[in-house]
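Chain by chain, the residues:
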Amino acid sequence: MKSYFEKYSIEVSDEKIVLFEKYYNLLLEYNKKFNLTAITEREEVIIKHFVDSLLGVDNIVGNKLIDIGSGGGFPAIPIKVFKPDIMLIMLDSTGKKCEFLNTVCKELEFKSAKAICGRAEELSRTAEYRESFDVCTARAVARLNTLCEYTLPFVKVGGYFVAYKGDAEEEITEAQNAIKILGGKIEKIDNFELEGAKRQIIVIKKIKSTPDKYPRGNGKERKKPL
Ligand code: SAM
């Protein structure tokens, strides 16, 4: 497994490889009943899930991270392997996926990591979660304008939303209004190529508090994006 990471200049210790192997086995085992990923072939999982999840790891600063729509655990679990001291919350609206994610946390003996079952647009309205994270991540959950309304309310002023995307030029243009209204500003966009596919990591800084009326709820984030 190590050589795949090295191919992308990612240095991984033997201890981390043990964790990735355990995770891969759990993913395959639970995928039979929980439909966690369409990708199961070993090399593909390592590159398209593990390496891909680590493309944004250098942008994970501070000690509280929330990952929205974690599904099978991407990018959250590989980030936690690399940043074991971070306090991690994984949010997903599907109970079975959260059950799987909590099993991974237990089996990999993660400290301060758990999955919560719920919807982003509801959880970010609670006092405990609103504007209380240093970083929020999300991959393959919604278009960027909708996604910003799901994610930016969780981020502290001064913190970051790190969006994992494919070729997102059109989405970035389309999301300018949402980013501004919700208190964000694009700080940088990192471009990568993974097995011939364009990958973009969009780093959005929270520069102002999100107005109380967002997220709007009732599916408006998706049906009528800002
Ligand atoms: N992030 C993972 C990945 O990249 O492999 C999973 C992506 S999967 C296509 C999208 C996930 O987001 C699903 O597991 C779904 O249940 C969850 N999801 C979608 N909308 C959500 C919302 N509003 N709040 C919480 N979870 C949501």
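Scroll up for the structure.
Residues numbered from 1 in each chain as written. Predicted model: local features only at pLDDT ≥ 70, side-chain atom pairs only at ≥ 80, totals over all residues. Heavy atoms only, no water.

Trainee: Just checking my understanding: could you explain the overall build of the protein chain for this structure?
Mentor: A count of helices and strands for the protein chain gives 10 helices and seven strands. Here the C-alpha coordinates of the protein chain stretch approximately 45 × 35 × 30 Å along the principal axes. Buried residues in the protein chain amount to 53% of all 226 residues. For the protein chain, contacts bridging at least 24 residues in sequence account for 69% of all contacts bridging at least 6. As presented, the protein chain carries roughly 10,400 Å² of accessible surface, and 47% of it is formed by carbon and sulfur atoms. Here the protein chain contributes 37 positive and 34 negative side-chain charges, whose respective centroids are spaced 6 Å apart. (Helix = DSSP H or I, 4+ residues; strand = E, 2+ residues; numbered from the N terminus. Buried < 20%, exposed > 50% of the residue type's maximum accessible area, 1.4 Å probe, protein only. Contact = heavy atoms within 4.5 Å. Areas by Shrake-Rupley, 256 points an atom, 1.4 Å probe, with all protein chains shown as cover. Lys, Arg positive; Asp, Glu negative; His and termini not counted. Charge placed at Lys NZ, Arg CZ, Asp CG, Glu CD.)

Trainee: Whenever I open this one, the site of the ligand confuses me. Can you help?
Mentor: With respect to spatial proximity, 17 residues lie near the ligand, and among them G69, F74, D92, E121 and R139 are the closest. Within the side chain of S93, an N or O atom sits 3.3 Å from an oxygen atom of the ligand. For the ligand, the accessible surface in isolation is 600 Å², of which the surrounding protein chains cover 81%. A per-class count over the shell around the ligand returns five nonpolar, six polar and six charged. (Near = heavy atom within 4 Å. Polar contact = N/O pair within 3.5 Å; in protein donor to acceptor, adjacent residues only side chain to side chain. Nonpolar A, V, L, I, M, F, W, Y, C, P; charged D, E, K, R; others polar.)

Trainee: Explain the packing of aromatic side chains to me, please; I cannot follow it from the model alone.
Mentor: Geometrically, a pair of aromatic rings is defined through the distance of the ring centres and the angle of the planes. With the rule as written, the count across this model stands at 10 aromatic pairs. Look at F20 and F82: their rings are 6.4 Å apart centre to centre, the planes differ by 50°, and that puts the pair in the tilted class. Taken together, the positions of F20 in helix α2 (residues 14–34) and F82 in helix α4 (residues 76–82) put the pair 62 residues apart, joining distant regions of the chain. For F20, a relative accessible area of 0% translates into the label buried. A ring pair is formed by Y23 and F50, whose centres lie 5.5 Å apart and whose planes are at 15°; its orientation type is stacked. With Y23 in helix α2 and F50 in helix α3 (residues 42–54), the pair connects residues that are 27 residues apart, well separated along the chain. Each of the two residues, Y23 as well as F50, counts as buried. One aromatic cluster is present, built from ring pairs that chain together F5, F20, Y23, F50, F74 and F82. The ring of F82 is capped by K16, whose NZ or CZ atom sits 5.4 Å from the centre of that ring. One Lys or Arg, K80, reaches over the ring of F110 and ends 5.8 Å from the middle of that ring. (Phe/Tyr/Trp six-rings, centres within 6.5 Å; stacked < 30°, edge-to-face > 60°. Lys NZ or Arg CZ within 6 Å of the ring centre and 35° of its normal.)

Trainee: Before we go on, may I ask you to explain the environment of E149 in this structure?
Mentor: Position of E149 relative to the elements: it lies in helix α7 (residues 144–151). It is 9.0 Å that separates the C-alpha atoms of E149 and A120, two residues lying 29 residues apart in sequence. Setting aside residues no more than four positions away along its own chain, E149 makes contact with L182, Y214, P215, R216, E221 and L226.

Trainee: So what exactly am I meant to see when it comes to the sheet that holds strand β1 (residues 64–68) here?
Mentor: In sheet architecture, strand pairing relies on hydrogen bonds along the backbone and comes in two forms, parallel and antiparallel. The seven strands lie next to each other as β3-β2-β1-β4-β5-β7-β6, forming an open sheet whose pairing is mixed. The open sheet has two edge strands, β3 (113–117) and β6 (184–194), and neither has a second partner. Strand-to-strand, the axes of this sheet are offset by a mean angle of 20°, without reference to chain direction. Relative to strand β4 (residues 133–139), β1 runs parallel, the two being bridged by four bridges. Pairing of I68 across the sheet is with A138, part of β4. (Pairing = 2+ DSSP bridges. Axes fitted to C-alpha atoms, helices over the stretch in contact; angles between N-to-C directions.)

Trainee: Explanation requested: the side chain of K165 in the structure shown.
Mentor: Note that K165 resides in strand β5 (residues 155–165). The class for K165 is buried, based on a relative accessible area of 8%. K165 has contacts with A142, R143, L144, L147, E171, K198, R199, Q200 and I202, leaving out every residue within four places of it along the chain.

Trainee: Is there a simple way to explain α2 in this structure?
Mentor: In an α-helix, one turn spans 3.6 residues, which is why side chains three or four residues apart end up on the same side. Taking 1.5 Å as the rise per residue, α2 with 21 residues should run 30 Å; its terminal C-alpha atoms sit 29 Å apart, in good agreement. Of all the positions in α2, only I17, L19, F20, Y23, Y24, L26, L27, Y30, N31 and F34 are classed as buried. Its buried side turned inward, α2 meets α1 (2–7), α3, α4 and α5 (95–107). (Expected span 1.5 Å × (residues − 1).)

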